[in-house]
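Working through the structure, step by step
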Amino acid sequence: QVQLVESGGGLVQAGGSLRLSCAASGNIFRVNVMAWYRQAPGKQRELVAESREGGYTNYVDSVKGRFTISRDNAKNTVYLQMNSLKPEDTAVYYCNARSGFARYWGQGTQVTVSS
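Residues numbered from 1 in each chain as written. Predicted model: local features only at pLDDT ≥ 70, side-chain atom pairs only at ≥ 80, totals over all residues. Heavy atoms only, no water.

1. Topic: the state of the cysteines
Across all of its chains, the model carries one disulfide by this definition. Between the sulfur atoms of Cys22 and its disulfide mate Cys95 the distance is 2.1 Å. Here the disulfide of Cys22 and Cys95 is left-handed, its torsion about the S-S bond being about -85 degrees. With Cys22 in strand S3 (residues 18-26) and Cys95 in strand S9 (residues 91-99), this residue pair connects regions lying 73 residues apart in the sequence. Cys95 matches Cys22 in its accessibility class, with the two residues each being buried. (Disulfide = S-S within 2.5 Å. Helix = DSSP H or I, 4+ residues; strand = E, 2+ residues; numbered from the N terminus. Buried < 20%, exposed > 50% of the residue type's maximum accessible area, 1.4 Å probe, protein only.)

In structure tokens, the structure reads:
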């Protein structure tokens, strides 16, 4: 089992920045992918960014150039730096860890961007 705890959400004006953190604990040695998803009201949950073993990262087109995912393996923490935020970035953001076929989720943190 892997436990994930997110923090760092909040209310920010358009153009502002936020950094989300996700602290992982448990059987983290089996985790090979860490990712951030988001879900806006009335919409499906979507992948925002992912970080794979070896340093590979991937982003949804709508956040490329604005968001950066990073990992601190010493702290078992993954971050999502979000810059130039837009109202359409408003959503609940979820941390996700993958270990083989297993998927683990955090409780989510609300990000609200005002225009």
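2. With respect to the environment of Phe101
Within the secondary structure, Phe101 sits in the loop between S9 and strand S10 (102-105). Distance from Phe101 to Tyr79, taken between C-alpha atoms, is 23 Å for residues 22 residues apart in sequence.

3. Overview of the pattern of salt bridges
Enumeration according to the criterion identifies six salt bridges in this entry. Arg38 is the salt-bridge partner of Glu46, the closest N and O atoms lying 2.7 Å from each other. When its relative accessible area of 30% is taken as the criterion, Glu46 is described as partly exposed. Arg38 gets classed as buried once you look at its relative accessible area, which sits at 6%. A salt bridge links Asp89 to Arg66, with the shortest nitrogen-to-oxygen separation between them at 2.8 Å. Taken as a pair, Asp89 in the loop between strand S8 (77-82) and S9 and Arg66 in the loop between strand S6 (57-59) and strand S7 (67-72) lie far apart in primary sequence, 23 residues in all. Neither residue differs from the other here; Asp89 and Arg66 are each classed as buried. (Salt bridge = Lys/Arg side-chain N within 4 Å of Asp/Glu carboxyl O.)

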